[in-house]
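Fold and contact review
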Amino acid sequence: MTRKEKDWVIRVQMVQLQSEKPRLDDYYYQKYYQKLEKQQADEELLGQRSRVQSLKLETPYIQKADAHGSVLRIEGSLGQVAVSTCFSPRRAIDAVPHGPLEQEAGAAGGQRLWVLSRIEKMFLQLLEIEEGQKPCYSGQQSSRVEKLFQALKTQEESDLEEAADSFLQVLSVRKGKTLVARLLPLLPHNQAVSLLLAITHHLPFLIRRDVVDQALHMLFKPLGECISHLTFHELLQGLQGLMLLSPGSSELPVTVVLQNQFGISLLYALLSHGEQLVSLNSSLKETNTDHMAWTDVVVLIAWEIARIPTASLAEPLAFPSNLLTLFCHHVDKQLVQQLEARME
């Protein structure tokens, strides 16, 4: 390399060290050099060394370019022309949230993170409960189960779309469904029934939330076990929740339920258990409020099954053998034939 080329390389490297605030940007070197100069001055005073100018790294001072404006002013014009330079580039992406949509999206994301955090904490509690099923840990089981149930406890919700109820929020996440499916067999009967009723009353909402995950089916087995222990009154409570129109909706919840595999499976399980209760207990056949409500529900469901196109009717996970017998007791023969053709 020639001397000119070496000087150019050195100058380029030195420019990188240039600073208007050396004590801040190069603190350790400045302190080191001050200490070295003080040591040399003390040695000179004591006569231990002659005065010698020590080498010090001198960095060149480069004057900064003047600030450039982002607009161009033309004399005599009525406005200004926006320009972009290397000193004032034009903003290419507007990444600043400044509208209600961005704020709502941020709030929804924060709420989802909060729900996921709650599920993780409850899952840790569930693992402790499952570990406690071993004989050596049988002491605090009931209190742990009660504590976890209280974390899932449902509340009445006026607007389902807001999903403010904590239990519905948990069931809107796949891991939340797994949590509930594993917890249900551990709950006492009354607590398991309260969760079952909450699911049946909000079933269309949960079905819409399950379009992506398709994970509601994992609840069918533990809920089926719970259904098999329902009283007739509890059974009616679950079925009547599917007969009420939701605010702002023009179709019955049972219509949505019949077009979903988990929904129709749960509905058939409820009807089948009701038929078993009625056939085993003659007092339930007597004309009273519960019997009239049961008849109305069965007839309405039969007409709804007959009305829905066969292609739209979901295939259940399990088909109870006594379902057609149930319809024979409450609807005419022609409708029973239609139902039999659709359920084949």
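The rules behind these values
- Residues numbered from 1 in each chain as written.
- Predicted model: local features only at pLDDT ≥ 70, side-chain atom pairs only at ≥ 80, totals over all residues.
- Heavy atoms only, no water.
- Core = buried A, V, L, I, M, F, W, Y, C linked by side-chain atoms within 4.5 Å.
- Buried < 20%, exposed > 50% of the residue type's maximum accessible area, 1.4 Å probe, protein only.
- Helix = DSSP H or I, 4+ residues; strand = E, 2+ residues; numbered from the N terminus.
- Contact = heavy atoms within 4.5 Å.
- Phe/Tyr/Trp six-rings, centres within 6.5 Å; stacked < 30°, edge-to-face > 60°.
- Lys NZ or Arg CZ within 6 Å of the ring centre and 35° of its normal.
- Patch = residues over 30% accessible without salt bridge, like charges linked within 9 Å, V, L, I, M, F, W, Y side chains within 5 Å.
- Areas by Shrake-Rupley, 256 points an atom, 1.4 Å probe, with all protein chains shown as cover.
- Salt bridge = Lys/Arg side-chain N within 4 Å of Asp/Glu carboxyl O.
- Axes fitted to C-alpha atoms, helices over the stretch in contact; angles between N-to-C directions.
- Parallel < 35°, antiparallel > 145°, perpendicular 65-115°, else oblique.
- Left-handed = near helix turned anticlockwise from the far one by under 90°.
- pLDDT = per-residue confidence, 0-100.
- Arc of directions from axis to C-beta.
- Polar contact = N/O pair within 3.5 Å; in protein donor to acceptor, adjacent residues only side chain to side chain.
- Nonpolar A, V, L, I, M, F, W, Y, C, P; charged D, E, K, R; others polar.

**Details of the nonpolar core**
- Ranked by internal contacts, the top residues of the largest apolar core, which has 79 residues, are Ile199, Leu219, Leu267, Leu271, Trp294, Ile305 and Phe327.
- Per-element tally for this core: the top contributor is helix H13 (residues 261-280), with 9 residues.
- Each residue touching leucine 219, except ones within four places of it in the same chain, is listed here: Leu171, Lys177, Val180, Ala181, Ile199 and Phe262.

**Digging into unusual backbone geometry**
- Residues other than glycine seldom take positive phi values, yet glutamine 214 does so here, at roughly 50°.
- In this fold, glutamine 214 is placed in the loop between helix H9 (203-209) and helix H10 (220-227).

**A short note on the packing of aromatic side chains**
- Counted under the stated rule, the structure contains 2 aromatic pairs.
- Taking the centre distance of 5.8 Å and the plane angle of 85° together, the rings of tyrosine 268 and phenylalanine 319 count as edge-to-face. On the criterion of sequence distance, the pair formed by tyrosine 268 in helix H13 and phenylalanine 319 in the loop between helix H14 (289-307) and helix H15 (323-328) is long-range, its members being 51 residues apart.
- Residue classification places tyrosine 268 among the buried positions, given a relative accessible area of 1%.
- Lying across the ring of tryptophan 114, arginine 118 places its NZ or CZ 5.1 Å from the centre.
- Over the aromatic face of phenylalanine 123 sits the side chain of lysine 175, whose NZ or CZ is 4.9 Å from the ring centroid.

**Here's the deal with a nonpolar patch on the surface**
- On the surface, a cluster of nonpolar side chains totalling about 430 Å² of accessible area is made up of Met1, Trp8, Val9 and Val12.
- Note on placement: valine 12 falls in helix H1 (residues 3-15).

**A closer look at the packing of H10 against H13**
- With their axes 10 Å apart at the nearest point, H10 and H13 run at an angle of 15° to one another. Put simply, H10 runs roughly parallel to H13. Classified by chirality, the crossing of H13 by H10 is right-handed. Contacts between H10 and H13 involve Phe220, Leu223 and Ile227 on the former and, on the latter, Phe262, Ser265, Leu266, Ala269, Leu270 and His273.

**Some details on the pattern of salt bridges**
- This structure, assessed with the given rule, holds 7 salt bridges.
- With a closest N to O distance of 3.3 Å, aspartate 7 and arginine 3 form a salt bridge. Residue aspartate 7 and its partner arginine 3 are located together in helix H1, separated by 4 residues, close to a single helical turn.
- Residue aspartate 7 is classed as partly exposed on the basis of its relative accessible area of 36%.
- In this structure, a network of salt bridges that share partners links the residues Lys177, Asp210 and Asp213.

**Some words on the environment of serine 321**
- Topologically, serine 321 is positioned in the loop between H14 and H15.
- Residue serine 321 is classed as exposed on the basis of its relative accessible area of 74%.
- Along the primary structure serine 321 and serine 272 are separated by 49 residues, whereas in three dimensions their C-alpha atoms are 8.2 Å apart.

**Overview of the confidence of the model for the chain**
- When pLDDT is averaged along the chain, the result is 79, and 75% of the positions lie at 70 or above.
- A low-confidence stretch, residues 93-98 (pLDDT under 50), is modelled with 2 contacts involving residues beyond four sequence positions or located in other chains.
- Low pLDDT (under 50) marks residues 154-164, which in the prediction has 19 contacts with non-local residues, meaning those over four places away or in another chain.

**Re helix H16 (residues 333-343)**
- Of the positions making up H16, those classed as buried are Leu335, Val336, Leu339 and Met343. All buried residues of H16 project into a common sector of 100° when viewed along the axis, lining one side. Residues Lys333 and Gln334 are exposed on H16 and point more than 90 degrees away from its buried face.
- If you follow the buried residues of H16, they end up packed against H13, H14 and H15.
- Backbone nitrogen of glutamine 334 and a side-chain oxygen of the N-cap are separated by 3.3 Å at the start of H16; the cap is aspartate 332.

**Things to note about the packing of H13 against H14**
- Packing of H13 against H14 brings their axes to within 12 Å, and their N-to-C directions diverge by 140°. It follows from the interaxial angle that H13 and H14 lie oblique. Relative to H14, the crossing made by H13 is left-handed. Contacts from Leu267, Tyr268, Leu271, Gly274, Glu275 and Val278 of H13 reach H14 at Trp294, Val298, Ile301 and Ile305.
- By residue class, the composition of the contact of H13 with H14 is 8 nonpolar, 1 polar and 1 charged.

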